[in-house]
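Coordinates in review
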Amino acid sequence: MSDAEIIPDPLPDLLEEHVRLLEEVRAAFSSAADDKALEAARVKYLGRKAGLVQAEFDRIKTLPGEERRAFGKSANALRQAVERELAAARIGHGTSEIDISAPRLDMTLPGRARELGHRHVLSQTTELLVNVAATLGFSVAEGPEVESEFNNFDALNIPREHPSYDPFDTFYIETPEGAEKLVLRSHTSPVQIREMKRHAPEPLRVVVPGRTYRPDKVDATHYHTFHQLEGLAVDSDITFQDLKYTLDLFAKGVFGEETLTRFRPSYFPFTEPSAEVDVSCPFCARDGGACPVCKATGWLEILGSGMVHPKVLSNGGYDPEDFTGFAFGMGVERIAMLRHGIRDIRLFIDPERGNDLRFLEQF
Ligand code: DAH
C-alpha cells in the first residue's frame, strides 16, 4: 500500500513551506530502514524540544498579527499530517501497536461457521411439559432444592415411620443440634405446600419443574440427581373427573393425539384416592408384540397422581371443607427417555457416562 492511499493529499490548510516540510518528512520516514531510524526521524521532526515541526509553532509569535492565524492553522495541519505519516510508517515497520499489515484479511475465504449451542434435552423436555400444562391453564412456580424436612415430608402427610425419612433414602444437610432439619428435596411435592401457603384461599393451578435428589444406587434408571414436574390444582369444586380429564389431555399433548391413558389405583400419603397413570405405548401401537419399551404390555407408567389429602390442603392453608384439589408428579428423565428412546439415565448428566456432546447434540 503506498502512502498516497493512506494520507489525503494535498492538505487544504497547508502553506507552501509546510507542504515542502511534509514531503521531506515523508521521504525521511519511508527511507528509514528500521525502527531505530524511524525513531530518529520522529525525534528530528516531532521532538518536543528541537523538532522541526515544533519549531514552526515557535515561529508563530515572531509573525505579524495578521499572518498568525493562517500560519497557526497550517502548522496544526502539518503536525497532524506528520503524526499520521508516522503511524503509517510504523505499520510498515510492524511496530504499530495494532499491526494491521499481517496476517492479512482474505475477504474471498468462506466465513467460519459459528457453532450454536442448544438447550439440554432435559431442559427441552421440561419446557415441553410446562408448555403443555400452560395450555391447560397452569402457571409455573419453582421452589428451593434445599428444603425443610417438614415441607418435604410432614406437611405432605408422610408419617414419621415412613422409610423415606431415613438418611439412606434422603440426603440430609448437616445442621446444628436443635435447628430445623434440612434435606435436599427428594421430590418437588414440597412446593405444593409453599404454593398453597402463597395463594390460599385463592384457587390455584400450578406446575413446578425442578431438580430433586435421592441417594439411590446409580443404575440405568436411577440417578442421585434427577428432575420432576409437579402439578397442583386447588379450587372449591375440583373432582376426580377434573384430574382424569386434565391428565388425559396432558398425556396427549406430550405423547401425541392418539395417546390413551389408563388410571390404576395406587397409594401416596399426600393424595386420597391416588392413581398411577399409564399412557399407551407410543412405540408399539398397542400390538402387544415384542416391544422392549413397554415390555409387550402396551402401556407405560408416566406419573403418580391423586386428590389432594385433606390434611395437606389444611397444611397449605385451605379449609378442606370448602376446597378440593388434585396433584400429580412425574420424572422428567423418564419422560425424556420414553420420548426419545433413551435407555440409560446416566447419559443425561453423569460426568463419566454422559453429558457427552455426541449424545446431546442429537436432540
Ligand atoms: N412425589 C411423588 C414421588 O416423588 C410423585 C407424586 C405422586 C406427586 C403423586 C404427586 C402425586 O403430586 O399426587 O414419587
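Structure: above.
All of the points below concern the structure found in this document. A quick note: this is a predicted structure, and the numbers were derived from the prediction, not measured. (Residues numbered from 1 in each chain as written. Predicted model: local features only at pLDDT ≥ 70, side-chain atom pairs only at ≥ 80, totals over all residues. Heavy atoms only, no water.)

**Considering the side chain of His 309**
Stated precisely, the cut-off is as follows: Secondary structure elements are defined from DSSP: runs of H or I of at least 4 residues count as helices, runs of E of at least 2 residues count as strands, and each element is numbered from the N terminus. Exposure categories follow from relative accessible area, calculated using a 1.4 Å probe and restricted to protein chains: below 20% of the type maximum is buried, above 50% is exposed, and the middle band is partly exposed. Side-chain atoms alone can form a polar contact between residues adjacent in sequence; in general such a contact is a pair of N or O atoms within 3.5 Å, and within protein one must be able to donate a hydrogen while the other accepts it. It only takes one pair of heavy atoms within 4.5 Å for two residues to be counted as in contact.
When you line up the elements, His 309 lands in the loop between strand S9 (299-308) and helix H10 (310-315). Judged by relative accessible area, His 309 falls into the buried class, the value being 18%. Within the structure, His 309 has its side chain in polar contact with the side chain of Asn 157 (distance 3.4 Å). Sequence-distant contacts of His 309, that is, excluding residues within four places in its chain, are made with Asn 157, Pro 269, Phe 270, Thr 271 and Glu 272.

**With respect to helix H2 (residues 16-31)**
Filter applied, for reference: Given a helix with a known number of residues, its expected span is that number minus one, times 1.5 Å. Of all possible arcs, the one meant is that of the directions from the helix axis to the C-beta atoms.
Here H2 contains 16 residues, and its C-alpha end-to-end distance of 23 Å stays within 8% of the 22 Å for a straight helix at 1.5 Å per residue. Along H2, the residues classified as buried are His 18, Leu 21, Leu 22, Val 25, Arg 26 and Phe 29. What you see down the axis of H2 is that its buried residues fit within an arc of 145°, all on one side. Opposite its buried face, H2 presents the exposed residues Glu 16, Arg 20, Ser 30 and Ser 31, each directed more than 90 degrees away. For H2, the secondary structure elements touched by its buried residues are helix H3 (35-46), helix H4 (52-59) and helix H5 (65-93).

**Notes on the site of the ligand**
For clarity, the threshold we go by: Nearness is judged by heavy atoms alone; a residue qualifies as near a molecule or strand once a single heavy atom is within 4 Å of it. All accessible-area figures derive from a Shrake-Rupley calculation using a 1.4 Å probe, and residue coverage is judged against the displayed protein chains alone. Under the convention adopted here, Pro, Cys and the residues Ala, Val, Leu, Ile, Met, Phe, Trp and Tyr are nonpolar, Asp, Glu, Lys and Arg are charged, and Gly plus all remaining residues are polar.
Residues in contact with the ligand amount to 15 residues; listed here are only the nearest, His 187, Ser 189, Arg 214, Gln 228 and Glu 230. Between the ligand and Arg 214, the relevant distance is 2.9 Å, taken from an oxygen atom to a side-chain nitrogen or oxygen of the residue. In this structure, an oxygen atom belonging to the ligand sits 3.3 Å away from a main-chain N or O atom of Phe 328. In isolation the ligand offers 360 Å² of accessible surface; the protein chains occlude 87% of this area. Residue assignment for the shell around the ligand shows that the elements contributing at least two residues are strand S6 (225-235), S9 and strand S10 (324-331). Its residues assigned to classes, the shell around the ligand shows 4 nonpolar, 9 polar and 2 charged.

**Quick look at the pairing of strand S8 (residues 271-280)**
Side-chain direction in a regular strand flips from residue to residue, so the side chains alternate between the two faces of the sheet. Cut-off, in case you're wondering: In this analysis, strands are considered paired if DSSP registers two or more bridges between them.
In terms of burial, S8 is largely enclosed, as 8 of its 10 residues are buried. As paired elements, strand S7 (residues 261-268) and S8 share 7 bridges and run antiparallel to each other. Residue pairing in the sheet places Arg 264 in a bridge with Glu 276 of S8. Here S7 hands over to S8 after 2 residues, the two strands then running antiparallel side by side. Where S8 lies against S9, 8 bridges are found, and the strand directions are antiparallel.

**Remarks on the nonpolar core**
Rule in force here: By nonpolar core is meant a set of buried Ala, Val, Leu, Ile, Met, Phe, Trp, Tyr and Cys residues that side-chain atoms within 4.5 Å join together.
Formed by 45 residues in total, the largest nonpolar core has its most connected members in Leu 129, Phe 138, Phe 250, Phe 326, Phe 328, Met 330 and Phe 348. For this core, the secondary-structure elements that each account for two or more residues are helix H6 (121-135), S6, helix H9 (240-255), S8, S9, S10, helix H11 (332-340) and helix H13 (357-360). With near-sequence residues (within four places) excluded, Met 330 lies in contact with Leu 129, His 227, Gln 228, Leu 229, Phe 250, Ile 302, Leu 303 and Ile 335. By size, the runner-up hydrophobic cluster in this structure holds 21 residues, among which are Leu 156, Ile 193, Leu 232 and Tyr 318.

**Looking at the sheet that holds strand S2 (residues 146-148)**
Read across the sheet, 3 strands follow the order S2-S4-S3 without closing on themselves; strand pairing throughout is antiparallel. Among the strands making up the open sheet, the edge pair consists of S2 and strand S3 (172-173). Pairing analysis gives 2 bridges linking S3 to strand S4 (residues 182-184), with the strands arranged antiparallel. Considered in S4, the bridge of Ile 173 is made with Leu 182.

**Topic: the pattern of salt bridges**
A side chain of one charge can pair with a side chain of the opposite charge when the charged atoms of the two come close. In plain terms, the rule: Whenever Lys or Arg places a side-chain nitrogen within 4 Å of a carboxyl oxygen from Asp or Glu, that contact is recorded as a salt bridge.
In the structure shown here, the tally under the stated rule is 17 salt bridges. For Arg 262, the salt bridge goes to Asp 278, with nearest N and O atoms at 2.9 Å. You can see Arg 262 sitting in strand S7 and its partner Asp 278 sitting in strand S8, a full 16 residues away along the chain. Using a relative accessible area of 3% as the deciding quantity, one classes Asp 278 as buried. It is possible to trace a salt-bridge network through shared partners that takes in Arg 262, Arg 264, Glu 276, Asp 278 and Glu 301.

Any link to function would need more than the numbers given here.
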